[in-house]
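# Residue-level structural notes
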2 protein chains.
Amino acid sequence: MKFCSNCGGLVEWRIPEGDALPRYICPSCHTIHYQNPKIVVGCIPEWEDRILLCRRAIEPRHGLWTVPSGFMENAETLVQGAARETLEEANARVEMGNLYAIYNIPHINQVHVLFRARLLDLDFSPGSESLDVRLFAETEIPWTELAFRVIHEPLRRYFEERQCGRLGFHMGTIEEIRG
Amino acid sequence: MKFCSNCGGLVEWRIPEGDALPRYICPSCHTIHYQNPKIVVGCIPEWEDRILLCRRAIEPRHGLWTVPSGFMENAETLVQGAARETLEEANARVEMGNLYAIYNIPHINQVHVLFRARLLDLDFSPGSESLDVRLFAETEIPWTELAFRVIHEPLRRYFEERQCGRLGFHMGTIEEIRG
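The text that follows walks through the structure, step by step, so that each part is easy to find. (Residues numbered from 1 in each chain as written. Chains lettered and ligands numbered in written order. Predicted model: local features only at pLDDT ≥ 70, side-chain atom pairs only at ≥ 80, totals over all residues.)

## Looking at the overall build of chain A
Regarding its fold elements, chain A presents two helices and 11 strands. In chain A, the succession of α and β elements from N to C terminus is β-β-β-β-β-β-β-α-β-β-β-α-β. For chain A, the spread of C-alpha atoms along the principal axes amounts to about 60 × 30 × 30 Å. Residue burial in chain A is summarised as follows: out of 179 residues, 35% are buried. (Helix = DSSP H or I, 4+ residues; strand = E, 2+ residues; numbered from the N terminus. Buried ≥ 20, exposed ≤ 12 C-beta atoms within 10 Å, placed from the backbone.)

## Let's talk about the sheet that holds strand S2 (residues 23-25) of chain B
Residues and elements named next belong to chain B. The sheet built from three strands is open, its strands ordered S1-S2-S3 with antiparallel pairing. A single partner strand is all that each edge strand has here, and the edge strands are strand S1 (12-14) and strand S3 (32-33). With three bridges connecting them, S1 and S2 associate as antiparallel partners. Looking at the pairing, Arg14 lines up with Arg23 of S2. (Pairing = 2+ DSSP bridges.)

## Considerations on helix H2 (residues 149-164) of chain A
All names here are of chain A. Compared with an ideal rise of 1.5 Å per residue, which puts 16 residues at 22 Å, H2 spans 23 Å between its outermost C-alpha atoms and is within 8% of the ideal. Within the sequence span of H2, burial applies to Val150, Ile151, Pro154, Leu155 and Tyr158. All buried residues of H2 fall inside an arc of 110° around its axis, so they share one side. More than 90 degrees from the buried face of H2, the exposed residues found are Arg149, Glu160, Gln163 and Cys164. As for H2, its buried residues are in contact with strand S4 (38-47), strand S6 (65-66), strand S8 (94-105) and strand S9 (110-119). Phi turns positive one or two residues past the end of H2, at Gly165, with a value near 70°. (Expected span 1.5 Å × (residues − 1). Arc of directions from axis to C-beta. Contact = placed C-beta atoms within 7 Å.)

## Looking at the interface of chain B and chain A
A common way to state how big an interface is: give the accessible area lost once the parts meet. Taken together, the contact pairs 33 residues of chain B with 33 residues of chain A. If you list the elements that add at least two residues to the side of chain B that touches chain A, you get strand S4 (38-47), strand S8 (94-105) and strand S11 (170-173) of chain B.

## Here's the deal with the sheet that holds strand S3 (residues 32-33) of chain A
The three strands are arranged S1-S2-S3 (chain A) in an open sheet whose pairing can be described as antiparallel. Either end of the sheet is taken by a strand with one partner, and the two such strands are strand S1 (12-14) and S3 of chain A.

## Concerning the environment of Cys4 of chain B
Here Cys4 of chain B shows up in the segment before S1. Those residues in contact with Cys4 of chain B that sit more than four places away from it in its chain are Phe3 of chain A together with Gly9, Val11, Cys26, Ser28, Cys29 and Thr31 of chain B.

## Describing the relation of the copies chain B and chain A
For the pair chain B and chain A, the superposition axis carries a translation of 0.0 Å, the fit reaches an RMSD of 0.0 Å, and the rotation angle comes to 180°. In short, the pair behaves as if placed about a two-fold rotation axis. Here 100% of the interface residues in chain B have copies in chain A that are interface residues too; the copies meet face to matching face. (Least-squares fit on C-alpha atoms with pLDDT ≥ 70 in both.)

## Here we look at the pairing of strand S5 (residues 50-56) of chain B
Residue and element names in this part refer to chain B. Burial runs high along S5: five of the seven residues are buried. Examined bridge by bridge, S4 and S5 share two bridges and lie antiparallel to one another. Counted as the bridge partner of Glu46 is Ile51 from S5. Linkage of S4 to S5, two consecutive antiparallel strands, is achieved through a turn of two residues, within which Glu48 is found at a positive phi near 50°. Pairing of S5 with strand S6 (residues 65-66) involves two bridges; the strand directions are antiparallel. Pairing of Cys54 across the sheet is with Thr66, part of S6.

## Observations regarding helix H1 (residues 78-90) of chain A
All names here are of chain A. Between the first and last C-alpha of H1 there are 18 Å, a value that for 13 residues agrees with the 18 Å anticipated at 1.5 Å per step. Those residues of H1 lying buried are Leu78, Gly81, Ala82, Ala83, Glu85, Thr86, Glu89 and Ala90. Just downstream of H1, Asn91 is the residue with a positive phi angle, here 45°.

## What to know about the pairing of S8 of chain A
All names here are of chain A. Examined bridge by bridge, S8 and S9 share nine bridges and lie antiparallel to one another. Bridge pairing in S9 links Ala101 to Leu114. Here S8 hands over to S9 after four residues, with Asn109 in that stretch at a positive phi of 60°. Both S8 and strand S11 (residues 170-173) contribute to a ladder of four bridges, which runs parallel. The partner of Tyr103 across the bridge, within S11, is Gly172.

## A closer look at unusual backbone geometry
Only a minority of non-glycine residues have a phi that is not negative, and only a minority of peptide bonds are not trans. All names here are of chain A. A cis amide bond links Glu59 to the next residue, Pro60, at an omega of -5°. Checked against the element boundaries, Pro60 lands in the loop between strand S5 (50-56) and S6. The phi dihedral of Asn91 falls on the positive side, at around 45°, and the residue is not glycine. We classify Asn91 as partly exposed; it has 15 C-beta atoms within 10 Å. Even without a glycine there, the phi angle at Asn109 is positive, about 60°. Here Asn109 shows up in the loop between S8 and S9.

Okay, structure coming up:
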């Protein structure tokens, strides 16, 4: 952010009076431009013992596999967002189930919210952001070709828990890998 | 948003190519300015059979009571945000417990995330955004002076469930009242 979205003036980066953190502030119109984490919402669409994954047609991680998910939009609920992303990326209709996982990714200012979902039919196909959409049994999951750590962790746990017959909510944090 | 925060030019409000929703777009530098829901994070701080509430010293709802909560900041986790808000608004230290409720408020583009928490000591006091901070037993809760519906619903449920000895996670949506 360089310019004020309200008046077009140059913004400053400093701590407003009475605040604890630096913000973008407009010295002309005095607007404080707060920046907050974004929600990424998605689901694990289930069909008998298989789950649906999408192969990404966009960056980042072009060509790798993930569950249907994306940025939550204004004016929708978490469940509506997860269903919309599933329709957009996989042309798939689901009945949303229980909340399954929430992962914080503080170094990129994201919170990922993942539901379980029941695929309503097999009439799915790649949306414009997917190269391919397929059902995978546990033994078929392309573990080395998953797009994101934030998908890898809950899917590992999903199959472990499913073997025990006990799928429960989990909250976790994906830490930055410093090299 | 009237001006592009990247180049200072006037933005347009239209649907970008390949998108489904209108966005603020800069015709000069081609930046698309996405706007997404914000997360409000808080907790129900418990001390024996009582819970801590704060009386708001700021608008909206100046003078009314609420649990410690506020906008999640970049670079923090949900639990860190809830603890930070509790420290800021009530100078209170808590051990965060289970996730208790998530409420969508789609008409104001917010998702509220509420934890249960254990107050670690009785050394609390009003922060700069609070007029008063007090512990309330169930019979003492100022139900008609609670600041927000998104607090009223989970607190009602909290005390009902506590009487049954079974506190469980709940997800809900606060709909706009049109009159």
